Amino acid sequence: MSQHSICKITLPMKGVENFMANTLLVNPPYSVSERYGNDMKKFGAVSEPLGLAYLAAGLEEQGFKVEIIDAPAQGITCKGIVEDHISKETNLIGITFLTPMFDAVKKLANKIKESNPGVKIIVGGPHPSALPERTLEEIASIDFVCIGEGERTIVEVAEYMAGKKEIENIKGLAYRHSNDIRVNAARPIEKTLDSLPVPARHLLPMKQYNLTASRTRGSGFCPTIILARGCPFNCQFCSHPFGRTFRHHSVKRIIKEINELVDRYDIKQVNFEADTLTIDKNFVLELCRAMIDQRIDISWTCESRMDTIDEEMLRIMKEAGCWQISYGVESGSQRLLDSIIKGVTKEAIIEAFRITKKVGISIRGFFMLGLPTETKYESLQTIHFANKLNPLWAQFTVTIPYPGTPMFEQLDKEGQIRHYDWTDYNTWGGWADKKLPYISAGRTEEEIKKLQKKAMRMFYMRPKAFFELIRSISSYQDARKLVNGFIVLIKTILVKPGKIKQG
Ligand code: B12
Ligand code: SF4
């Protein structure tokens with residue numbers, strides 16, 4: 001089957017006799033250049049929409065027909081989706097939706113409704129989950145919003161379409177009723193993650209995916225497995241899409257997913273996703289021991305909080321194949337770390353970096369610029385702190401108060417949100433030239449955007465960073481990625497930044 005063609009499967013029906021919901025799930029056409037800007041687009045990740053693959057697996061398990069279009073990965077446009085991928089049988093279309101995808105989702109939903117008025121459209125994901133009523137108000141062509149985890153909700157909506165379920169009984173759903181919008185009772189979080197079927201990766205164009213150079217070695221092909229959901233911490237910029245209760249898959253299930261990826265796609269590396277993987281030390285130790293005992297020979301990366309690791313854990317992670325951890329450092333100012341309720345001190349960060357390097361695990365650091373009330377001095381403190389910590393890779397993003405975060409609520413209440421053009425809510429706004437939704441008092445948009453580029457130059461153009469990256473090269477692909485990266489950085493010195501939108 002071509003990786004560019006839509007993946008189709010037909011399953012024997014399990015419980016739905018007459019009217020079948022023929023569901024099409026869509027990752028909307030939101031291109032890598034829109035996300036990262038033209039200069040950085042080569043480095044952007046094209047990663048699998050695992051949320052849709054989880055939904056599809058739930059639908060398949062119940063005997064519903066389902067297809068997935070991953071528009072960015074398959075290079076399919078809005079017109080292409082509407083003209084070539086909606087069949088006479090399609091009656092339910094589900095679209096996944098992060099805040100900056102707003103325009104792409106709106107355009108797609110409107111076009112679908114124009115040419116297929118009978119088709120029902122449901123959206124889900126962090127943006128509509130945070131603003132269900134507003135999303136239905138702002139996009140008239142959408143019929144339903146799924147709030148929170150969607151595996152059970154989508155199946156119940158498909159059952160409703162088949163006349164087997166009352167809409168008011170579907171938990172975690174917002175919908176239109178006459179001229180009103182109704183929001184049903186909340187859906188409880190999925191307590192036992194293993195009760196969810198393995199994501200339907202067979203419906204995704206798996207070979208099209210590529211993670212960034214900073215997260216892969218050799219080839220960029222590095223699928224993701226979700227190990228856990230939920231996080232009890234309180235970082236003010238985080239929208240907690242999976243709630244505050246940490247839940248993980250069983251080690252048995254995780255090993256099964258790894259083995260499936262090895263068998264089907266011949267993977268050599270994998271990315272473990274979890275809101276806070278290392279919060280449960282016993283779980284991490286059990287997983288790593290199982291990987292070592294079962295001689296699972298793949299290398300992996302993960303993200304973690306610096307106050308939830310210790311040397312014993314890092315050593316066994318390394319032995320089990322972990323070669324890189326991403327840490328969210330966020331700021332070099334203790335005042336700002338406290339104000340965003342990060343819950344770590346600069347000393348704890350320095351110590352976490354020290355032991356991670358000592359164990360021999362490479363580090364990717366995330367840093368935020370333009371936090372609420374941040375001064376220019378504090379921005380520079382963050383860049384200097386990044387240089388001092390010296391991870392192998394550093395990522396500097398502009399702070400965006402995303403709906404659903406305490407930061408958004410606070411700034412919105414204070415009247416400090418500059419605009420609600422959701423498509424500009426992009427953390428790469430300096431590169432992709434977006435109008436920033438928040439700027440702290442006394443600072444300008446132009447300055448923050450320039451700073452995002454300057455931070456990268458100040459970090460990567462240090463001889464130490466340069467030579468460590470050269471030392472990390474393990475293949476021809478790695479070398480090519482690095483050369484391209486340096487060309488982009490040099491361009492930021494030579495070429496003036498693009499015009500900044502007014503408004
Ligand atoms: C891994 C990750 C990434 C990865 C890959 C994401 C991917 N595969 O697309 C990378 C690094 C590339 C990334 C990039 C970005 N990310 Co990100 N990312 C995450 C992270 C940590 C995990 C996402 C994940 O794997 N989820 C697992 C799957 C199972 O969940 P899911 O997709 O949300 O789907 C479930 C429900 O949401 C729902 N659902 C989702 N879609 C639909 C559709 C329908 C029809 C229904 C019924 C239900 C439904 O059901 C699913 C199953 O339960 C989350 C934090 C988090 N915990 O969610 C942030 C998060 C999703 N990212 C976020 C953001 C902002 C971005 C960027 C926009 C940043 C930017 N450049 O400005 C980009 C955009 C990327 C893109 N897809 O185009 C925000 C979103 C906030 C918001 N209001 O939109 C989050 C929540 C982090 C935060 N700040 O709080 N991200
Ligand atoms: S940013 Fe990470 S540690 Fe902080 S609340 Fe969100 S998931 Fe938890």
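Scoring rules and cut-offs
Residues numbered from 1 in each chain as written. Chains lettered and ligands numbered in written order. Predicted model: local features only at pLDDT ≥ 70, side-chain atom pairs only at ≥ 80, totals over all residues. Helix = DSSP H or I, 4+ residues; strand = E, 2+ residues; numbered from the N terminus. Buried ≥ 20, exposed ≤ 12 C-beta atoms within 10 Å, placed from the backbone. Contact = placed C-beta atoms within 7 Å. Near = placed C-beta within 6 Å. Nonpolar A, V, L, I, M, F, W, Y, C, P; charged D, E, K, R; others polar. Domains from an automatic or database assignment. Core = buried A, V, L, I, M, F, W, Y, C linked by C-beta atoms within 7 Å. Axes fitted to C-alpha atoms, helices over the stretch in contact; angles between N-to-C directions. Parallel < 35°, antiparallel > 145°, perpendicular 65-115°, else oblique. Left-handed = near helix turned anticlockwise from the far one by under 90°. Pairing = 2+ DSSP bridges. Expected span 1.5 Å × (residues − 1). Right-handed = clockwise from strand over helix to strand, strands pointing away.

**Topic: the overall build of the chain**
Here's step 1: Regarding its fold elements, the chain presents 19 helices and 15 strands.
Here's step 2: C-alpha extents for the chain along the principal axes are approximately 65 × 60 × 40 Å.
Here's step 3: Burial analysis of the chain (503 residues in total) assigns 46% to the buried set.
Here's step 4: When contacts within the chain are restricted to residue pairs at least 6 apart in sequence, those whose partners lie at least 24 apart make up 75%.

**Here's the deal with the site of ligand 1**
Here's step 1: The immediate surroundings of ligand 1 are formed by 42 residues, with G51, G94, T96, G124 and G150 found nearest.
Here's step 2: For the shell around ligand 1, the elements supplying multiple residues, two or more each, are α2 (50–61), β3 (90–96), β4 (120–124), α6 (126–130) and α8 (151–161).
Here's step 3: Across the shell around ligand 1, the residue classes tally to 22 nonpolar, 14 polar and six charged.
Here's step 4: Both domains that meet at the shell around ligand 1, namely domain 1 (8–183) and domain 2 (210–494), each give it at least three residues.

**Some points on the site of ligand 2**
Here's step 1: With respect to spatial proximity, the complete set of residues near ligand 2 consists of C231, F233, C235, C238, D275, T276, R305 and G328.
Here's step 2: Grouping the constituent residues of the shell around ligand 2 by class yields four nonpolar, two polar and two charged.

**Quick notes on the nonpolar core**
Here's step 1: Ranked by internal contacts, the top residues of the largest apolar core, which has 121 residues, are V26, A56, I95, V105 and V157.
Here's step 2: Viewed by domain, this core spans two of them, domain 1 (8–183) and domain 2 (210–494), each represented by three or more residues.
Here's step 3: Every residue in contact with V105, bar those within four places of it in the chain, is listed here: P28, I95, F97, V123 and I139.

**Description of the packing of helix α9 (residues 251–265) against helix α10 (residues 281–293)**
Here's step 1: In the contact formed by α9 and α10, the axes pass within 10 Å of each other and the chain directions differ by 45 degrees. Taken together, the axes of α9 and α10 are oblique relative to one another. For the pair α9 and α10, the sense of crossing is right-handed. In this structure, α9 contributes V251, I254 and I255 to the contact, and α10 contributes E286, L287 and A290.
Here's step 2: Broken down by class, the residue content of the contact of α9 with α10 amounts to five nonpolar, no polar and one charged.

**Quick word on the sheet that holds β3**
Here's step 1: With mixed pairing, the seven strands of this open sheet are ordered in space as β2-β1-β3-β4-β5-β6-β7. With one partner strand each, in any of the chains shown, β2 (65–70) and β7 (180–183) form the two edges of the open sheet. Within the sheet, the average angular offset between the axes of one strand and its neighbour, ignoring direction, is 20 degrees.
Here's step 2: Bridge analysis of β4 against strand β5 (residues 144–146) gives two bridges, and the strand direction is parallel. Bridged to V123 within β5 is V145.

**Some points on the environment of C146**
Here's step 1: Relative to the assigned elements, C146 resides in strand β5.
Here's step 2: Distance in space between the C-alpha atoms of C146 and Q395 is 32 Å, their sequence separation being 249 residues.
Here's step 3: Aside from chain neighbours lying at most four places away, what touches C146 is I122, G124, T153, I154, G172 and L173.

**Details of the domain arrangement of the chain**
Accessible area lost upon the coming together of the parts serves often as the stated size of an interface.
Here's step 1: In terms of domains, the chain is made up of domain 1 (8–183) and domain 2 (210–494).
Here's step 2: Spacing between the C-alpha centres of domain 1 and domain 2 amounts to 28 Å.
Here's step 3: Tallying the contact residues gives 24 residues for domain 1 and 25 residues for domain 2.
Here's step 4: Counting residues per element, the ones that place at least two in the side of domain 1 that touches domain 2 are α1 (32–40), α5 (102–115) and α6.
Here's step 5: Residues that form the side of domain 1 that touches domain 2 fall into these classes: 11 nonpolar, six polar and seven charged.

**Some thoughts on the sheet that holds strand β12 (residues 299–304)**
Here's step 1: Strands sit in the order β8-β11-β12-β13-β14-β15 across an open sheet of six strands; the sheet is parallel. The strands lining the two open edges of the sheet, one partner per strand, are β8 (224–226) and β15 (393–398). The average angle at which neighbouring strand axes cross in this sheet is 20 degrees, direction not considered.
Here's step 2: When strand β13 (residues 322–330) meets strand β14 (residues 362–369), the two strands line up parallel, connected through six bridges. Residue S326 lies in a different strand from β14, and its bridge partner there is R364.

**Some details on α5**
Here's step 1: When the terminal C-alpha atoms of α5 are compared, their 20 Å separation across 14 residues agrees well with the 20 Å that a helix rising 1.5 Å per residue should span.
Here's step 2: All of the buried residues along α5 are F102, A104, V105, K106, L108, A109, I112 and K113.
Here's step 3: Where α5 is buried, its residues meet β1 (22–27), α4 (78–84), β3 and β4.

**Considering the packing of α10 against helix α11 (residues 311–319)**
Here's step 1: At their nearest, the axes of α10 and α11 sit 9 Å apart, and the two run at 30 degrees to each other. The orientation of α10 relative to α11 falls into the category roughly parallel. For the pair α10 and α11, the crossing hand works out as left-handed. Counting all contacts with α10, which are made through K281, V284, L285, C288 and I292, the residues of α11 involved are M313, I316, M317 and E319.

**Here we look at the pairing of β13**
Here's step 1: β13 sits mainly inside the fold: eight of its nine residues count as buried.
Here's step 2: Both β12 and β13 contribute to a ladder of five bridges, which runs parallel. Directly across from S304, in β13, lies its bridge partner Y327.
Here's step 3: Between β12 and its parallel partner β13, the chain crosses via α11, and the hand of that crossover is right-handed.

**Topic: the environment of Q452**
Here's step 1: Relative to the assigned elements, Q452 resides in helix α17 (residues 445–460).
Here's step 2: For Q452, a count of 21 C-beta atoms within 10 Å corresponds to the buried category.
Here's step 3: For the pair Q452 and T427, spaced 25 residues apart in the sequence, the C-alpha separation amounts to 9.9 Å.
Here's step 4: For Q452, the contacting residues outside a window of four places in its chain are L369, F396, V398, G430 and W431.

**Topic: the pairing of β15**
Here's step 1: Most of β15 is tucked away, with six of its six residues classed as buried.
Here's step 2: Two strands pair when backbone bridges link them, and β14 and β15 are joined in this way by six bridges, in the parallel orientation. Following the sheet pairing, F367 is matched in β15 by F396.
Here's step 3: As for the winding sense of the linkage, the β-α-β connection from β14 through helix α14 (residues 376–389) to β15 is right-handed.

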